[in-house]
Amino acid sequence: MAPQIVPATNDAIVDAARLLRDGKLLSFPTETVYGLGGDATNDAAVARIFAAKARPRFNPLIVHIPGLTEAAALAIVDERARLAIERFWPRPLTLVLRRRRDSGVSLLASAGLDTLALRAPAHAVARELLRAAGRPVAAPSANRSGRVSPTTAHHVAMDFDNEIALILDGGPSPVGVESTVLDLTNANPVLLRPGGVTLEALHAVFDQIELPGSGESKPRSPGRLPSHYAPSLPVRLDATSARPGEALLAIGPHAPPGFAEVLWLSINDDLAEAAANLFAMLRRLDRPEFTGIAVMPIPEEGLGRAINDRLRRAAAPRT
Ligand code: TXA
Ligand code: MG
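All of these numbers come straight from a predicted model, not from anything done at the bench.

Rules used throughout
Residues numbered from 1 in each chain as written. Chains lettered and ligands numbered in written order. Predicted model: local features only at pLDDT ≥ 70, side-chain atom pairs only at ≥ 80, totals over all residues. Heavy atoms only, no water. Near = heavy atom within 4 Å. Polar contact = N/O pair within 3.5 Å; in protein donor to acceptor, adjacent residues only side chain to side chain. Areas by Shrake-Rupley, 256 points an atom, 1.4 Å probe, with all protein chains shown as cover. Helix = DSSP H or I, 4+ residues; strand = E, 2+ residues; numbered from the N terminus. Nonpolar A, V, L, I, M, F, W, Y, C, P; charged D, E, K, R; others polar. Phe/Tyr/Trp six-rings, centres within 6.5 Å; stacked < 30°, edge-to-face > 60°. Buried < 20%, exposed > 50% of the residue type's maximum accessible area, 1.4 Å probe, protein only. Pairing = 2+ DSSP bridges. Contact = heavy atoms within 4.5 Å. Axes fitted to C-alpha atoms, helices over the stretch in contact; angles between N-to-C directions. Domains from an automatic or database assignment. Buried area = accessible area lost by both parts, 1.4 Å probe. Salt bridge = Lys/Arg side-chain N within 4 Å of Asp/Glu carboxyl O. Core = buried A, V, L, I, M, F, W, Y, C linked by side-chain atoms within 4.5 Å. Expected span 1.5 Å × (residues − 1). Arc of directions from axis to C-beta.

Inspection of the region around ligand 1 gives 26 residues, with Thr32, Arg55, His64, Arg119 and Ser179 positioned closest. With respect to ligand 1, the side chain of Asn59 contributes an N or O atom lying 3.0 Å from an oxygen atom. The separation between an oxygen atom of ligand 1 and a polar side-chain atom of Arg193 is 3.0 Å. Summarising the interface, the protein chains cover 96% of the accessible area of ligand 1, which totals 680 Å² for the free molecule. Contributing elements (two or more residues each) for the shell around ligand 1: strand E4 (62–64), strand E6 (115–119) and strand E10 (190–193). The element that contributes the greatest number of residues to the shell around ligand 1 is E6, accounting for three residues. Here the residues of the shell around ligand 1 are counted per class, giving twelve nonpolar, nine polar and five charged.

Shown next as structure tokens:
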């Protein structure tokens, strides 16, 4: 049975917080995508998150908190981290910091690492829920592992049955791609995942940011598998002409002719609009009547980096 979708009223949020404290899982909206949340300090709840998503246990979870005070209680917040927090939170920026031994966060949540990924979401419902729960909430995106991330309550309901107690409906997620993950445990900050806070914005605070695969340290985000965000149909990038039976994700006013169906990520080349539409449109085109989903070239700048990252993984060979 699909989980119950409940409008995120104040009462519903208070009830949801109680469920969280009881070790139940629920889905809640954030500004990026919907999360699948559980009490981060409860080993059994965290184990249920991995089981519900069929997520490999070596892929650690992001821990959601209201802000700086909670971050400092769970992890070492040095000057550099404080700067990032004061400048960017609450926004889609996740920081990887050294975890405190007494943080109380389940070791399973951070896959046994000595670091923690912390994020203060901006969405009003997520913030209310975190305040009402009064404890850190581990929350990956609320999709089955490897599938397209959810930006509506309905998307979540399509992926899960009674593994989750309820889905708080706060409308479509406005940013539409997941948070940027920045590792601050090395000499230079390392961008582990491009996301809702752009590299350009981060450069306003940090001059040296290493991209994965560059630089000396080459740290990896443990769970970043090449194939991810994948619809059932094959995905083809940088499409400039149609192949038989393909559907198209278009950007800008001039779409090449001959596609079986066209959805516009943004007709105005607006990358924020394209990001907000990305996952929902991938799902809408994922229909057996098409042979594949082609995507027009997206500029590798601003939010385009996050969009291209998700699309490259959606197009990667499936294992
Ligand atoms: O926008 C988001 O971040 C959404 C919403 C729900 O907040 N959450 C999300 O979680 O995208 P998830 O689990 O789908 O992605 C978590 C990412 C993974 O790439 C994981 O490898 C990385 O964060 N991560 C988590 N803990 C880490 C750690 N200690 N060190 C390095 N990477 C970590
Ligand atoms: Mg995810």
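All right, on to the packing of aromatic side chains then. Tallying each qualifying case throughout the model produces one aromatic pair. Measuring from ring centre to ring centre gives 5.8 Å for Tyr229 and Phe279, while their planes differ by 10°; the resulting arrangement is stacked. One end of the pair, Tyr229, is in the loop between helix H7 (199–203) and strand E11 (235–236); the other, Phe279, is in helix H8 (residues 271–285), and 50 residues separate them in sequence. Judged by relative accessible area, Phe279 falls into the buried class, the value being 0%.

A few words on the sheet that holds E6. Spatial strand order, E1-E8-E2-E3-E7-E4-E6-E5-E9-E10: ten strands in an open sheet with mixed pairing. For this open sheet the edge positions go to strand E1 (4–7) and E10, each flanked by a neighbour on one side alone. In the sheet, E4 pairs with strand E7 (residues 137–138) via two bridges, with the strands oriented antiparallel. When the sheet's bridge partners are listed, His64 is paired in E7 with Val137. Lying on the sheet, helix H5 (residues 124–133) is in contact with strand E2 (26–28), E4, E7 and strand E8 (166–169); it crosses E2 at an angle near 135°.

One frequently used descriptor of interface size is the decrease in accessible area upon assembly of the parts. By domain assignment, the chain separates into domain 1 (4–203) and domain 2 (235–315). For domain 1 and domain 2, the distance between their C-alpha centroids amounts to 27 Å. On the side of domain 2, 14 residues touch domain 1, which itself brings 20 residues to the contact. Buried surface at the junction of domain 1 and domain 2, both sides included, amounts to about 1400 Å², of which 58% is carbon and sulfur. It is Val148, Val177 and Pro194 in domain 1 that bury the most area against domain 2; as a group they hold 34% of the surface buried on that side. Put simply, Glu200 and Arg305 hold a salt bridge, and the shortest N to O gap is 3.6 Å. Counting across the interface, domain 1 meets domain 2 through five residue pairs in polar contact (both at pLDDT 80 or more). Listed by contribution, the elements that provide at least two residues to the side of domain 1 that touches domain 2 are helix H6 (153–159) and H7. Grouping the amino acids of the side of domain 1 that touches domain 2 by side-chain chemistry returns nine nonpolar, eight polar and three charged.

Membership of the largest hydrophobic core comes to 45 residues, with the highest contact counts inside it found for Trp89, Leu93, Leu95 and Leu118. Secondary structure elements with two or more residues in this core: helix H2 (43–53), helix H3 (68–74), helix H4 (79–88), strand E5 (93–98), E6, H6 and H7. If we ignore the near neighbours within four places in the chain, the residues touching Leu95 are Ala81, Ala84, Ile85, Trp89, Leu116, Ala117, Leu118, Leu182 and Leu184. Within the second largest apolar cluster, 34 residues are counted, among which are Phe279, Met281, Leu285 and Ala314.

A few words on helix H1 (residues 10–21). Along its twelve residues, H1 runs 17 Å from first to last C-alpha, staying within 8% of the 16 Å computed at 1.5 Å per residue. Those residues of H1 that fall on the buried side of the exposure criterion are Ala12, Ile13, Ala16, Ala17 and Leu20. Summarising the axial view, the buried residues of H1 lie within an arc of 140°, below the 170-degree limit, and thus occupy one face. Close packing links the buried residues of H1 with E1, E2, strand E3 (35–39), H5, E7 and E8. Within two residues after H1, Gly23 carries a phi angle of roughly 90°, on the positive side.

With that out of the way, let us pick up the pattern of salt bridges. A full pass over the atoms with the stated rule returns 15 salt bridges. For Asp15, the salt bridge identified is with Arg18, shortest N-O distance 3.3 Å. Linking Asp15 with Arg18, this pair stays in helix H1, spanning three residues, or about one helical turn. Asp15 gets classed as partly exposed once you look at its relative accessible area, which sits at 39%.

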